[in-house]
Amino acid sequence: MYDHKSIEVKWQKYWEENNLFKADDRNTTKPKYYALDMFPYPSGAGLHVGHPEGYTATDIISRYKRMNGYNVLHPMGWDAFGLPAENYAIKMGTPPEETTNKNIATFTSQIKSLGFSYDWDREINTSSPDYYKWTQWFFLFLYKNGLAYKKNAPVNWCNSCQTVLANEQVVNGECERCQSEVEQKNMNQWFFKITEFIEDNGETSGLISGLDKIDWPESTKISQRNWIGKSEGAEVDFKIDDFDENMRVFTTRPDTLFGATYMVLAPEHSLVQKVTTEEQRAEVEKYVNETKKKTDLQRQEDEKEKTGVFTGGYAINPVNGEKLPIWIADYVLMGYGTGAIMAVPAHDERDHDFAQKFGLEIIDVIGDMEDRFQKTGGVMKNSQFLDGLGIDDAIQKMIEWLEENNCGERKTTYRLRDWLVSRQRFWGAPIPIIYCDDCGEVPVPEADLPVTLPTDVDFKPTGESPLVGSKTFHDVTCPKCNKAAKCESDTMDTFVCSSWYYFRFVDANNNQEIAAKELLNKWMPVDLYVGGAEHTVLHLLYSRFFTKALHKFGYISCDEPFMKLRHQGMILAEDGRKMSKSLGNVINPDDVVNEYGADTLRMYEMFMGPFDQSVSWNTKGTEGIYRFLQRIHRLYEEIDFTKCDCKKGDCSDAPKGMPQMLHKTIKKVTEDIENFRFNTAISQMMIFINHVSKEGTMPKPAAEIFLKLLSPFAPHIAEELWEKIGHTDSIGKEEWPKYVEALTIDDEIELVIQVNGKLRDKFNVSKDIPKEDAIAQAKELEKIQNFLEGKKVIKEIFVPGKLVNLVVK
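Read on for a plain summary of the structure. Bear in mind that the values here come from a model prediction, so they are computed numbers and not experimental data.

Thresholds applied
- Residues numbered from 1 in each chain as written.
- Predicted model: local features only at pLDDT ≥ 70, side-chain atom pairs only at ≥ 80, totals over all residues.
- Heavy atoms only, no water.
- Pairing = 2+ DSSP bridges.
- Helix = DSSP H or I, 4+ residues; strand = E, 2+ residues; numbered from the N terminus.
- Phe/Tyr/Trp six-rings, centres within 6.5 Å; stacked < 30°, edge-to-face > 60°.
- Buried < 20%, exposed > 50% of the residue type's maximum accessible area, 1.4 Å probe, protein only.
- Lys NZ or Arg CZ within 6 Å of the ring centre and 35° of its normal.
- Polar contact = N/O pair within 3.5 Å; in protein donor to acceptor, adjacent residues only side chain to side chain.
- Contact = heavy atoms within 4.5 Å.
- Axes fitted to C-alpha atoms, helices over the stretch in contact; angles between N-to-C directions.
- Parallel < 35°, antiparallel > 145°, perpendicular 65-115°, else oblique.
- Left-handed = near helix turned anticlockwise from the far one by under 90°.
- Nonpolar A, V, L, I, M, F, W, Y, C, P; charged D, E, K, R; others polar.

## Observations concerning the pairing of strand β9 (residues 246-251)
Sheet topology places strand β8 (residues 231-240) next to β9; six bridges connect them, and they run antiparallel. Within β9, the position partnered with lysine 239 by the bridge is asparagine 246.

As C-alpha cells, then:
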C-alpha cells in the first residue's frame, strides 16, 4: 500500500539528518551549479500553490545536476522587509519583527514538507540585522564610489500610507496597497546611480549590451531594453521670441524639423513662468497644479485624452525662422530628454491627436509612406535642403546642419532614471548616514554596522519615517568630531535587500564581509534563476546594477548575476480566475500534501502544462497523478525481478521491446529536463509504466533506471522503492542514467496502408523494409484485399517509414 504520509516524513528526516544537500565550498573537482529561486516574501497567508511550481522546477534541476556530477548550491531564504508587515503592526500593535518571524516559521515548515533539496545551512532573512548589516555595507560601498547621492526630486506620494511609492507600486493612479489616490510632491531623497551602467563602463558590460550574453526569455530582454529606453537623435535650440534665451529640445527625428508647428513644455519646466504671458498666467498655473496630482505613469498613458494650455509665448524654429506657439501639456515629462519637445503632428501620433484637439497646424514633410507615424520608407518633401532624401540620410544631414550652424548637436538619451531608494517607513534597512551640524553628511563607519532598527517607535505613518520620533535611534555622535548628531531617518527600498541576496547565499555565515572573494568567484554567477514574470524589469535591473558595480571595482569576476532565467506561468483557480481569498477559490498546498502527498503536488504542478504558461488548477488532475504514483508503487511490490535473466546494466539484452522503450525514456526525460519540458518528461514516464504493465515484468536494471529518472520529480517514493529493491544509500547519490542512441530507434515502425489515398489499415514492419516487400505484405492484408477485389492496381506508392498507397480503378 502506498502510504505517502509515512514515506515522506521518513525520507525528509533522512535527508536532514544526513545533510545530503549541503553545497561543498571546498570541492575543486566537480563543476559548480548554482540554482536559485526568487526568494519569497513570508506573508501571513502562508504558501500558496503558485510557490511550489517554480521551486519544484529548480529542485528537479538541482537533483538532476547532482546525479550528473555537479557540486550544487541550492539555497532558500526570506525577502522579509516590506509594507504588509508594517501595516499589520499599525493595525494590531504587534512589532513587525514578531509577525515576520512567525510567518517565516510557517513558510519553512510548508516548504520542508514538499521535500525540496535546499541547503538550509545558508538560510537568510533580509530583516535580520545579520543580513541588513551587509545591505548597509552595500549602501556605503556605492556612496564611497560616487554611486549613491541625495537630491530634491518629485516622487509618487500616498497620503494614506504616508510614504513614497516606486512607479511599479502605482496602479491606475492609485496606491496598489490601499487604493488611495497618488500625487506628486518634491522631497529630499537618496538615489543610486544606476544610469552609470547603462552603457559599457570600462571592462564592465552595460545594462544594454549585457543582455546579449545571457540566456533569458526574449520578452524579458525586450522589457529591460524598453525600460532603459535608449533613444538616439539630436538636441536642438529654439530661441524664445522676445527673450535672450533658448528652449532646448531632444528629438529622435531631426529630419522632421520643417514639420514642427508648435512646442510643448513639461508643466514643471523652469521656462514655463518666463514664457507665460499675463493673459494666460491664471490658466497655466491652474493646469500646473492639476498636473502635480498625477504620477508619471498616469501622464504617459496612451489612451488618455490629451490636455494642455497655451502659454502665450512663442519660439523660433532654427531651420526656417517660423514662430511656433509654446504650450504646456502633462504628456511631456521633465525626467525624459529636456522636458521640452518640438511637435510634428503630421508624423507623430501623440502630437497629431493634440493638434487636432486644439486646432493646430499640421505640415506633411514626408511622402510615399505606408504609415505616416512610422520611421520606415518615405522621401522628404517641404523641407528645403532635405527634399528628396530618404529618412535616414535626412536625419544625418540635419544633424550636420545643426552642428555647423551652432543650434544643435547629436545626442543619445535614456528613459531610465537613477534609482530612488528612500522610504519613509519603519520596516526596512536604515540608511547608514549621520548628520552633524559641523561636519554635515557623514557615512557611518563600517565597524559600527549594523545601524539597527529601534524599538521605541510609533509605527503610525505621519509623512515622516517613524524613526524620526525615536530617541534611542538618534542618540549618536559624529564619527568625525564626536559631537551630538542625528541618524538618517529614512529606510531603504526593500528592493535594495533583494538585489544582492544571491551574493550572501554564497557565504551566508560570514561575519567579516558580504562573502569571501574566493567563494564569490567560485559560485557566481547564478547558473539558473527561476521566478515570476512580474519581476521582468525592476528586480532584475537592480540586481544587474549591483553586480556590475561590484565588478567595476574588482570585487567579483562576473558582471551579470543570472546566466539563465526562466519564468513560471501563473496557476489559476479551477474557475480560471486568479486565486484570491475574497473569491474563495484559493488552493492550499497543505491540503493537497495531506490528502495526496508532496510527490503528487510536485508532479502535478509540473504536468499541468508548459512551464512558462498559465494554467488552471484541476483537482481531477491531482487525483490522476496520485493514481499514477500508486500504480508505480504497486508494480514494484508485485513484479518478480528474478523472472528476467537480463545481465547488462543498460538492459540492452532484455526481452524485445524493453531496451528500446527504456532508452527512449532515458533520452526523452533527460532532454526534457534540460529544456524545461517537465510535462512531457512525465508523459514519457507514464508511457514507460504502461509498457511495463502490459508486459507484466521488468528487468531489475530497468527498474533501477526508471527510479533514477523519477527521483527528481517524486523523490520520496523513488527513495522508498530504491530501498525496497535492495539499496542502502540514497538514490540521489546515484549517477544519472545514460542512453544508447542506437536503442532509441525503433526496430519496427507502423506503416499506414491507403487505397486511393484513404486510410484502410495499419501494420508493423521492419523499419528498413524494402518497397517490394512492403507493397506485397500490404496486399496480403485481409482488409486491403476487400478493397482490391475486382479492381486493377494502376499505381503503387511507397513512402519509406510512413505509408503504402495503392491506386486502383
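Alright, that's what it looks like, and here's the rest.
## Structural notes on the pairing of strand β19 (residues 433-436)
The pairing of β19 with strand β20 (residues 440-443) spans four bridges and is classified as antiparallel. Paired with isoleucine 434 across the bridge in β20 is valine 442. Alignment of β19 against strand β22 (residues 484-487), held across two bridges, turns out to be antiparallel. For isoleucine 434, the partnering residue across the bridge sits in β22 and is cysteine 487.

## Details of the packing of aromatic side chains
The description of an aromatic ring pair uses the distance of the two centres, along with the angle that the planes make with each other. Under the counting rule described, the total for this entry stands at 58 aromatic pairs. Ring geometry for phenylalanine 310 and tyrosine 314: centres 5.7 Å apart, planes at 75 degrees, overall edge-to-face. A relative accessible area of 31% means that tyrosine 314 is categorised as partly exposed. Sitting over the face of the ring of tyrosine 314, lysine 323 holds its NZ or CZ atom 5.1 Å from the ring centroid.

## Quick word on the side chain of histidine 269
Turning to its location among the elements, histidine 269 is positioned in the loop between β10 (262-265) and α7 (272-275). The buried category is assigned to histidine 269, whose relative accessible area is 12%. One polar contact links the side chain of histidine 269 to the main-chain amide nitrogen of leucine 271, over a distance of 3.0 Å. Of note is the side chain of histidine 269, whose polar atom sits 3.5 Å from the backbone oxygen of threonine 338. Excluding anything up to four places from it in sequence, histidine 269 contacts Met334, Thr338, Gly339 and Ala340.

## What to know about the packing of helix α5 (residues 129-144) against helix α15 (residues 538-552)
Geometry of a packed helix pair, given as the angle between the helix axes and the separation of the axes. Between α5 and α15, the least distance of the axes is 11 Å, while the angle of their chain directions is 60 degrees. The orientation of α5 relative to α15 falls into the category oblique. Classified by chirality, the crossing of α15 by α5 is left-handed. Contacts between α5 and α15 pair Trp137, Phe138, Phe141 and Leu142 from the former with Phe545, Phe546, Ala549 and Leu550 from the latter. Looking at the contact of α5 with α15 residue by residue, the classes come out as eight nonpolar, no polar and no charged.

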